[in-house]
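If you want the building blocks of each chain, they are given just below.
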Amino acid sequence: MQKPPFPGLLFHSVVPKPRAEIAHFPLGRFEKLCNALRQRNYRTLTLHEAANVAAPAEGEKTLLLTFDDGLQSVHRHALPVLDFCDFRATVFCISGFYGKKSAWDVFTRNRHLTREEIRAIAQSGHEIGSHTCTHAYLPYLDDQSIGRELSESKMRLEDIIGKAVTSLSFPYGGWNRRIWEIARETGYSAATLYCGGDGDQKGLFPVLGVHQFDSVDDVLAKLATALPLSIIRARSRMMAHFARGTPIWKYRKEYVSV
Ligand SMILES: [Zn+2]
């Protein structure tokens with residue numbers, strides 16, 4: 001199996017002092033990682049850009065940096081580092097949680113970006129994508145509800161940033177061919193995959209989860225590995241599963257913000 005043309009990383013929170021949550025990545029390590037990527041001449045693409053490029057130029061190292069859930073820590077801590085390194089990220093926001101706390105985190109309830117922060121991120125050259133309205137596990141919904149999650153979140157985010165939202169991240173990585181078909185009918189042209197799927201269709205981009213216990217070398221190894229189903233990737237998928245609440249929370253169809 002071939003290495004995907006645009007390797008991608010998936011973060012959630014970047015915080016100075018991580019708590020007991022494996023999706024919290026330490027800020028100091030994030031700075032070291034971005035510097036290491038810069039020294040290795042990596043160039044970043046947003047998902048929208050990657051969807052419009054067939055393959056990187058000869059010898060060029062390209063990378064997708066993505067953030068799921070649209071958490072406030074991304075604006076506060078990750079963005080200054082990204083901007084310093086001239087890296088561009090794609091930040092996937094949940095339209096029903098602006099400025100509120102997530103209801104599905106078991107240990108720590110992370111605060112989400114406000115409308116103003118989402119607008120500021122878009123204005124500084126990063127891409128805003130959708131992560132649905134309610135962070136629902138889409139494979140458990142009927143087609144009409146899937147359509148509503150995808151179209152309403154797209155519309156609400158477009159109202160905030162004043163431009164088209166064409167990229168999507170599936171909550172909990174839950175997707176199938178039917179969901180992707182509905183997404184395309186709704187106007188999405190790109191989506192990330194981190195729980196299965198190797199991006200064999202145009203617009204689908206596998207990304208590897210980055211978690212609190214990953215060292216800078218671990219992350220660089222994730223990018224360098226030529227085998228998508230290597231041990232590193234399997235571990236990354238397992239960590240992603242446990243990073244986002246318990247199955248009891250996952251299988252709820254709707255969430256109430258707090
Ligand atoms: Zn999520």
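Refer to the preceding data block for the structure.
Let me begin by describing the structure that accompanies this report. On a predicted model such as this, the values are computed, not experimentally measured, just so you know. (Residues numbered from 1 in each chain as written. Predicted model: local features only at pLDDT ≥ 70, side-chain atom pairs only at ≥ 80, totals over all residues. Heavy atoms only, no water.)

1. Focus: the overall build of the chain
Counting its secondary structure elements, the chain contains nine helices and 11 strands. The 258 residues of the chain split such that 55% are buried. Relative to all contacts within the chain whose residues are 6 or more apart in sequence, the contacts with residues 24 or more apart total 68%. Looking at the chain as shown, the accessible area adds up to about 11,400 Å², and 53% of this sits on carbon and sulfur atoms. (Helix = DSSP H or I, 4+ residues; strand = E, 2+ residues; numbered from the N terminus. Buried < 20%, exposed > 50% of the residue type's maximum accessible area, 1.4 Å probe, protein only. Contact = heavy atoms within 4.5 Å. Areas by Shrake-Rupley, 256 points an atom, 1.4 Å probe, with all protein chains shown as cover.)

2. A closer look at the pairing of strand β9 (residues 190-193)
The alternating pattern of β9 places Ala190 and Thr192 on one face and Ala191 and Leu193 on the opposite face, and all of these are buried. One ladder, built from three bridges, connects strand β8 (residues 167-169) with β9; its direction is parallel. For Leu168, the partnering residue across the bridge sits in β9 and is Ala191. One crossover worth recording links β8 to the parallel β9 by way of helix α6 (residues 177-186), and it is right-handed. (Pairing = 2+ DSSP bridges. Right-handed = clockwise from strand over helix to strand, strands pointing away.)

3. A word on the coordination of the zinc ion
Looking at the metal site, the zinc ion is ligated by Asp69 (OD), His131 (NE2) and His135 (NE2), spaced 2.0 to 2.2 Å from it. Between the donor residues of the zinc ion, the gaps in sequence give the motif D-x61-H-x3-H. Linking Asp69 in the loop between β5 (61-67) and α3 (72-84) with His135 in the loop between β7 (127-130) and α5 (143-161), this pair joins segments that are 66 residues apart in sequence. Both residues of the pair, Asp69 and His135, belong to the buried class. (Donors = N, O, S within 2.8 Å, 3.2 Å for Na, K, Ca; no water.)

4. Description of the environment of Arg88
Of note, Arg88 is situated in the loop between α3 and β6 (90-93). For Arg88 and Ser124, which are 36 residues apart along the polypeptide, the C-alpha to C-alpha distance reads 9.0 Å. Contact partners of Arg88, with chain neighbours within four places excluded, come to Thr44, Leu45, Thr46, Leu65, Leu82, Asp83, Ser124, Gly125 and His126.

5. What about the nonpolar core?
By size, the foremost hydrophobic cluster in this structure holds 55 residues, and its most contacted members are Phe11, Phe30, Phe67, Leu82, Ile118, Ile128 and Phe170. Aside from chain neighbours lying at most four places away, what touches Ile118 is Cys93, Tyr98, Leu113, Ile128, Leu157, Ile160 and Ile161. Phe6, Ala50, Ala51 and Ala190 belong to the second largest nonpolar core, which has nine residues in total. (Core = buried A, V, L, I, M, F, W, Y, C linked by side-chain atoms within 4.5 Å.)

6. Some remarks on the packing of aromatic side chains
In the structure shown here, the tally under the stated rule is eight aromatic pairs. Measuring from ring centre to ring centre gives 5.4 Å for Phe11 and Phe67, while their planes differ by 25 degrees; the resulting arrangement is stacked. Of this pair, Phe11 sits in strand β1 (residues 8-11) while Phe67 sits in strand β5; the two residues are 56 residues apart in sequence, bridging distant segments of the chain. For the pair Phe11 and Phe67, a shared accessibility class is recorded, and that class is buried. Here the aromatic rings of Tyr137 and Tyr172 are separated by 6.2 Å at their centres, their planes lie at 70 degrees, and the arrangement is edge-to-face. Residue Tyr137 is located in the loop between β7 and α5, and its partner Tyr172 is located in the loop between β8 and α6; the two are separated by 35 residues in the primary sequence. Both residues of the pair, Tyr137 and Tyr172, count as buried. Linked through ring pairs, Phe11, Phe25, Phe30 and Phe67 together constitute an aromatic cluster. (Phe/Tyr/Trp six-rings, centres within 6.5 Å; stacked < 30°, edge-to-face > 60°.)

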